[in-house]
Amino acid sequence: MKKMIFAAMMAVLASGATAQNENDIQLQAPNKDKGASIMKSLALRQSHRECADKELSAADLSDLLWAANGINRPDDNKRTAPSALNRQDIDVYVISKKGAYKYIAAENRLQLITEGDHRNAVASGQDFVNQFPVSLVLVSELSKLGDAKNERTRMTAAMDAGYVSQNICLFCAGNGLVTVPRATMNNAELKKILKLSDTALPLLNNPVGYPKDK
């Protein structure tokens, strides 16, 4: 019996599954038929530093995260955003009023990392960020790409983060949301909040909200 239990535990660990708790958020299945065409989205894409005082709906948040870096080919565990050698080094974290969460694409779930409002760490002095209901922080696990201290490794990670950020920008443009890609953030503070490894590097962030009424 003990051997069977041990084998089951090892199978779970090998599958990459992460522990759930009651504060995790199960996301809705993505609606892959919504939004403007890619050409229309490109025409509409622009950066916004203002947004409405309104929380994102559960549906929009779910679709946004899937568009950013979700799994679009489940049989091969492939993503909506490319990555060097398919190393999938970019993790997406959601920073909201309620807490900091990690997007677990394989389970379509937000895993609570740290409770509380930590948007100020993303803002890092640019106060307009704090009015956005969520910010998506893009973090590369450099060890998946090679030597974390190597300049080429970091350059490759930055490109991978750029693909994800562009997905976010185009989704927002085509679905009535506003965003702005940013490199400014308090990396040291975010590494603590997100409980990142020494080889994890926050690279970009996208505050996301609804357009401000004019």
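What counts as what
- Positions within a chain are numbered from 1, following the residues in the order the chain's sequence is written.
- In view of the model being predicted, local features appear only for residues whose pLDDT reaches at least 70, and side-chain atom pairs are presented and counted only at 80 or more, with totals across whole chains, interfaces and linings using the full set of residues.
- Side-chain numbers here rest on the full set of heavy atoms in the structure, without hydrogens or water.
- Helix and strand assignments follow DSSP, with helices taken as H or I runs no shorter than four residues and strands as E runs no shorter than two, numbered in order from the N terminus.
- Here the globule rule reads 2.2 Å times residues to the power 0.38, and the radius of gyration is calculated from C-alpha atoms.
- Each residue's exposure class comes from its accessible area (1.4 Å probe, protein chains only) as a fraction of the maximum for that residue type: buried when under 20%, exposed when over 50%, partly exposed otherwise.
- We call two residues contacting when some pair of their heavy atoms lies within 4.5 Å.
- Computed with the Shrake-Rupley method and a 1.4 Å probe, the accessible areas treat only the protein chains shown as cover for residues.
- Positive charges come from Lys and Arg, negative ones from Asp and Glu, while His and the chain ends are left out of the count.
- To locate a charge, take NZ of a lysine, CZ of an arginine, CG of an aspartate or CD of a glutamate.
- Structural elements are reduced to axes, namely lines fitted to C-alpha atoms, with helices fitted over the stretch in contact, and the angle between N-to-C directions of any two is expressed from 0 to 180 degrees.
- Roughly parallel means an angle under 35 degrees; roughly antiparallel, over 145; roughly perpendicular, 65 to 115; everything else is oblique.
- Less than a right angle of anticlockwise turn of the near helix away from the far helix marks a crossing as left-handed, whereas a clockwise turn marks it as right-handed.
- Charged residues are taken to be Asp, Glu, Lys and Arg, nonpolar residues to be Ala, Val, Leu, Ile, Met, Phe, Trp, Tyr, Cys and Pro, and polar residues to be all remaining types, Gly included.
- Criterion for a disulfide: a pair of cysteine sulfur atoms at a distance within 2.5 Å.

K.L.:
So, the overall build of the protein: which residues are in play, and what are the values?
P.N.:
Check the secondary structure of the protein and you find six helices and nine strands. A compact globule built from 214 residues would reach a C-alpha radius of gyration of about 17 Å, and the protein, at 17 Å, matches this within 12%. Projected onto the principal axes, the alpha-carbon positions of the protein cover approximately 65 × 40 × 35 Å. Put simply, the protein has 214 residues, and 47% of those count as buried. Long-range pairs, those at least 24 residues apart, make up 71% of the contacts in the protein with a sequence separation of at least 6. As displayed, the protein offers around 11,600 Å² of accessible surface, 53% of which is attributable to carbon and sulfur atoms. Placing the 27 positive and 23 negative side-chain charges of the protein at their respective mean positions leaves the two points 3 Å apart.

K.L.:
Break down the packing of helix α3 (residues 58–69) against helix α5 (residues 151–174) for me, citing the residues and quoting the values.
P.N.:
Two elements in contact, α3 and α5, have axes separated by 7 Å at closest approach and are oriented at 140°. Relative to α5, α3 is oriented oblique. Once α3 is placed against α5, the crossing between them reads as right-handed. Residue-level contacts link Asp60, Asp63, Leu64, Ala67, Ala68 and Asn69 of α3 to Val164, Asn167, Ile168, Phe171 and Cys172 of α5. Of the residues contributing to the contact of α3 with α5, the split by class is seven nonpolar, two polar and two charged.

K.L.:
Describe the state of the cysteines, listing the residues and the values that go with them.
P.N.:
Defined simply, a disulfide is a covalent bond joining two cysteines at their sulfur atoms. Following the criterion strictly, the structure yields zero disulfides and no others. Take Cys172: it sits in no disulfide, and the sulfur closest to it among the cysteines is that of Cys169, at 6.9 Å.

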